[in-house]
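Structural description and commentary
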Amino acid sequence: VGHCHPDVVKAAHEQNQLLNTNSRYLHDNLVDYAERLSRTLPERLCIFYFLNSGSEANDLALRLARQYTTHEDVIVLDHAYHGHLTSLIDISPYKFRNLGGQKEWVHVAPVPDTYRGLYREDHEDSATAYADEVKSIIEHAHQRGRKIAAFFVESLPSVGGQILPPAGYFQKVAQHVHKAGGIFIADEIQVGFGRVGKHFWAFQLQGEDFIPDIVTMGKPIGNGHPLACVATTKEIAEAFAATGVEYFNTFGGNPVSCAVGLAVLDVIEKENLQAHATQVGNFLMKLLKEQQLKHPLIGDVRGCGLFIGVDLIK
């Protein structure tokens, strides 16, 4: 949306002048915003929890998964990063390898990278091959008496190297995970809100037949304002509520944050920012590919919209 976008600044300022209160006090902005956000997502994802940061969102997603499945274990991709809370460092190989190491309830699957990974562009069916790696992890976990709560993944692995998973990979993984009694969590904190151009959400690149069980949002959702969200299904939310321990967040979903969130969605729509991401991304990719022809240092240029990676090689 761009630094200090006047529409976003104005929305925050105007709401600040009227009322900003903690979320024990009901306010129309929260309902209006949830309703508006729901229009961007598949119908099944219809329950929203508002929070202050992407890390809070991912931590809640973990709690929801464990409560719903009554399982503990989580499968993540190698090199992944999901946030700075203790619970998220534990599922972020990018961090835990330099800290306390891997917990017994965490399982690391190979990144579905068709440039540097186990199965590359020349593989006849890399999506199935990478999904089978997840299946194998599940089988080994079961042999050790472990049970899978969730497959937790960025819709496009970013810290892992701006990776575009092969089409069909998520569908196949979701089948294995659901069969094991787990759920599929799509982390859209860096890649959501139209960044990929073609779609509003990066998980939609996998095809219309793929719907995650939980989607987490942060970063661009408030254009820098502390705002985050977890979207999930009724079934998962009901299992979470059944504990009697309600989820409460003092300022998550406060009137100012929701006014900011609404303004961000307005700007994306009004300024055709998805189309803009596609056009500028295509232009940048074209220029980068021209550089690739000139410089052997550039091994790969990949991306979608304004999510672009340049892989440098020796």
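Relevant structure appears above.
A brief look at the structure comes next. The model shown is predicted, which means the values in this text are computed figures rather than measured ones.

Moving on, we get to the pattern of salt bridges. Across all of its chains, the model carries 14 salt bridges by this definition. Its salt-bridge partner being R36, residue E269 comes within 3.5 Å of it at the nearest N-O pair. With E269 in helix α9 (residues 255-270) and R36 in helix α2 (residues 28-38), the pair connects residues that are 233 residues apart, well separated along the chain. We classify R36 as buried; its relative accessible area is 13%.

To continue, consider helix α3 (residues 54-69). Between the first and last C-alpha of α3 there are 22 Å, a value that for 16 residues agrees with the 22 Å anticipated at 1.5 Å per step. Residues of α3 that are buried: G54, S55, A57, N58, L60, A61, L62, L64, A65 and T69. The first or second residue beyond α3 is T70, which carries a positive phi of 60 degrees.

Next up on the list: the environment of K289. Examined against the element boundaries, K289 turns out to sit in helix α10 (residues 273-294). K289 sits in the partly exposed class, given a relative accessible area of 39%. Here the alpha-carbon distance between K289 and V310, two residues 21 residues apart in the chain, equals 9.4 Å.

By definition, the strands of a sheet pair up through backbone hydrogen bonds, in either a parallel or an antiparallel sense. Spatially, the seven strands line up as an open sheet ordered β1-β7-β6-β5-β4-β2-β3, and their pairing is mixed. If you trace the sheet from one side to the other, it starts and ends with β1 (47-51) and β3 (106-109), each paired once. If you compare each strand with its neighbour and ignore which way they point, the axes differ by 20 degrees on average. Pairing of strand β2 (residues 73-77) with β3, which is carried by four bridges, proceeds in the parallel orientation. Paired with V76 across the two strands is V108, which belongs to β3. Lying on the sheet, α2 is in contact with β1, β6 (214-217) and β7 (228-232); it crosses β1 at an angle near 120 degrees.

Reading the values: the criteria
- The numbering scheme is per chain: residues are counted from 1 as the chain's sequence reads.
- Per-residue local features are limited, in this predicted model, to residues with pLDDT of at least 70; the limit for side-chain atom pairs, both in listing and counting, is 80 or more; totals at the level of whole chains, interfaces and linings are taken over all residues.
- Side-chain metrics in this entry use all non-hydrogen atoms of the structure; hydrogen atoms and water are not considered.
- In what follows, salt bridge is the name for a side-chain nitrogen of Lys or Arg lying within 4 Å of a carboxyl oxygen of Asp or Glu.
- Only DSSP runs of H or I reaching four residues or more are called helices, and only runs of E reaching two or more are called strands; each is numbered from the N terminus.
- Buried residues are those whose accessible area, probed at 1.4 Å on protein chains only, stays under 20% of the maximum for their type, while exposed residues exceed 50% and partly exposed ones sit between those limits.
- The span one expects for a helix is its residue count, reduced by one, times 1.5 Å.
- When DSSP finds two or more bridges between a pair of strands, those strands are recorded as paired.
- Orientation is described by lines fitted to C-alpha atoms, with helices fitted over the stretch in contact, and by angles between N-to-C directions that extend from 0 to 180 degrees.
- Contacts are assigned to residue pairs with any non-hydrogen atoms lying within 4.5 Å of each other.

Function-wise, these values are silent; they only describe arrangement.
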